[in-house]
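# Fold and geometry: a report
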Amino acid sequence: MNTDPNNPLVATPSNLLPSTIIETGFSNGNEINRITSLLVQHVAGVANQALDQDRYNIRGGLDNQWQGELYSGSLKGSQKMIEAANRLNSPSYAGIGKLLKAYNFAMTTDLWGDIPYSESLQFLDKLQPRFDKQEDIYKGNASLNIQSLFDLVKEGLADLDKPSTFNPTSSDDPVYGAGNPSNATAALTQAHLAKWKKMGNTLLLKLANTVSKRDPAFARTIINAVLAQGPTSYISANTEDFEVPFGSAGNSQNPIYNFGYVQRPADMLLSQRLLDSMAVRNDPRLPFFFNQTPTPTTTVNITGTVTTVGVFTGYQNGSGAAVPTLNLTASPAINYRSRYGTYLIGSSGSAPIRLITNFQRLFIMAESALVLGTSTGSTGATVQSLYQDAIRASMQKAGVTDAAITTYFTNNPKVAILSGTDDQKLNQIMTQKWIAWVGNGYEAYNDYRRTGFPRLALVANPQGDNGTLPRRFVLPASETSGNANNAPKPTPNTTEKVWWDVR
């Protein structure tokens, strides 16, 4: 049979790596981010689905996310990359595939609970895979042949240390490939793969942090084992963050911008509750996170909030009050709404989707040292120093200067210094982490469900399953009907907690 070498019948790892990375960022930043950002009150919904979702009506959707973006998108891509890498004796690609697979499965189980996992991604060989318990997904179950997420990550890390026929370069790795155009030397290759190892070890910290309330001893062991390897083994600088790049062209814009500025510019704006929380703290990230609005008068931007860092206009979640004016067709345009700013959208959608970050790692270390008694890492570090370093890393990433951050700490000691009981200190840590995660509602939603911080009041006019903030997503109809023999019956509603949520 004649075959065209320029059109291979099976995708190569170098073809699959960039698309899987982009699909991972898109999955996180699209509808999953919109719903979770509404639930944690980063933004408020004022029209269409966002208005209903803001009031906890999150049933009836997410088929595209479950079937398209996850199982047939980022998860399928990671599995196909692992298989292609194995065929070509290229474990470096397989290792990266396993890290991406673990991240995406973690996101899926965190949101939906029990899911198809160990028997999934076999495609035509297994059209109706078993639903695995979330506990087994996180901790493994040898009797059912279920590999834990932790072991999947560790297996991926081990692959990255093996000799590989082919290795990623800047041409196929949009996250960590810069500086390695051709694997010209072994040193370049190893430096490149070392960045993925840092991502993987920081992913272990994230996973352990997620289950830390359910199984503190297990989480403590994982966290201490990662930290014992030293700061060169995990993400320890903002430049090492695992963030997915996007562009300003229409087909490459990040999903936050595409939805909020192109597709549905009038559906969401800054939550008044986040605005009030940041305003009372004089938080300098506010003008980077959201756009400013005109100075309020009796006729202009009448609901605007004057802060020490500018004027912003938010909206109370779930409210039926009049919505601030947005008229983009007027000349000049009238915009009395604070929508996502440059940190989240960049120039016409070119901001990255931030998935695993340095500030996240520092907040995890601060929380874990406080609650679990884990290592603080480097000599001399304390819960207090980790907490301040986490805020600094977040502010630096947003665009605040070092000098301004130092001044901010000096002028705002109630924010900068942990005080009170351990529970009060945890509230401070988690509130700052909640602010830092603007743009990644999934992570903030995980943290809120785990800890109950920050304390989020119910939205106005709450609806949903029982008028309370949802504790999980509802399985989409495509799965409950298409995999009816395995899907849980009855389908868990939004009030049922996932396994690791013990609050």
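Let us look at the structure shown here. This one's a predicted model, so the numbers in the text were calculated from it and none came from an experiment.

### Brief notes about the overall build of the protein chain
Across its full length, the protein chain carries 20 helices and 10 strands. Taking 503 residues into account, the globule formula puts the C-alpha radius of gyration at 23 Å, and the protein chain, at 23 Å, falls close to it. In terms of principal-axis extent, the alpha carbons of the protein chain reach across some 75 × 55 × 45 Å. Within the protein chain, the proportion of its 503 residues that are buried is 57%. Sequence separation of 24 or more characterises 72% of the internal contacts of the protein chain that already satisfy a separation of 6 or more. Total accessible area on the protein chain is roughly 19400 Å²; 52% of this is exposed by carbon and sulfur atoms. Distance between charge centres in the protein chain, computed from 42 positive and 39 negative side chains, equals 4 Å.

### A word on empty space enclosed by the protein
Where empty space is left becomes clear once a probe the size of a water molecule has been rolled over the atoms. Going through the model one piece at a time under the given rule, you end up with 5 cavities of 30 Å³ or more. Computed from the structure, the largest cavity encloses a volume of approximately 90 Å³. Contributing elements (two or more residues each) for the lining of the largest cavity: α10 (255-263) and β5 (268-270). The leading source of residues in the lining of the largest cavity is α10, at 4 residues. The class makeup of the residues in the lining of the largest cavity is 9 nonpolar, 1 polar and 2 charged. Forming the walls of the second largest cavity are I256, Y343, L344, P352, I353, R354, F359, A436, W437, V438, G439 and N440. Looking at the lining of the second largest cavity, the elements that each hand over two or more residues are α13 (342-345) and β10 (353-356). Split into classes, the residues belonging to the lining of the second largest cavity amount to 9 nonpolar, 2 polar and 1 charged.

### Section: helix α16 (residues 402-411)
Listing the buried residues of α16 in full gives I405, Y408 and F409. Buried residues in α16, looked at end-on, bunch into an arc of 95°, giving them a common side. Exposed residues on α16 whose side chains face more than 90 degrees from its buried face are A403, T410 and N411. Looking at the buried side of α16, the elements it contacts are α15 (383-398) and α17 (413-416).

### Considering the packing of helix α14 (residues 358-371) against helix α18 (residues 422-436)
Packing of α14 against α18 brings their axes to within 10 Å, and their N-to-C directions diverge by 170°. By the angle class used here, α14 and α18 are roughly antiparallel. Residue-level inspection shows F359, Q360, F363, I364, A366, E367, L370 and V371 of α14 in contact with α18, the latter providing D422, K425, L426, I429, M430, Q432, K433 and A436. Looking at the contact of α14 with α18 residue by residue, the classes come out as 10 nonpolar, 2 polar and 4 charged.

Parameters at a glance
- Residues numbered from 1 in each chain as written.
- Predicted model: local features only at pLDDT ≥ 70, side-chain atom pairs only at ≥ 80, totals over all residues.
- Heavy atoms only, no water.
- Helix = DSSP H or I, 4+ residues; strand = E, 2+ residues; numbered from the N terminus.
- Rg over C-alpha atoms; globule rule 2.2 N^0.38 Å.
- Buried < 20%, exposed > 50% of the residue type's maximum accessible area, 1.4 Å probe, protein only.
- Contact = heavy atoms within 4.5 Å.
- Areas by Shrake-Rupley, 256 points an atom, 1.4 Å probe, with all protein chains shown as cover.
- Lys, Arg positive; Asp, Glu negative; His and termini not counted.
- Charge placed at Lys NZ, Arg CZ, Asp CG, Glu CD.
- 1 Å grid on protein atoms, 1.4 Å probe; cavity = no way out; pocket = protein on both sides within 12 Å on 5 of 7 lines; lining within 4 Å.
- Points joined across faces, edges and corners; volume = space filled by probe spheres on them.
- Nonpolar A, V, L, I, M, F, W, Y, C, P; charged D, E, K, R; others polar.
- Arc of directions from axis to C-beta.
- Axes fitted to C-alpha atoms, helices over the stretch in contact; angles between N-to-C directions.
- Parallel < 35°, antiparallel > 145°, perpendicular 65-115°, else oblique.

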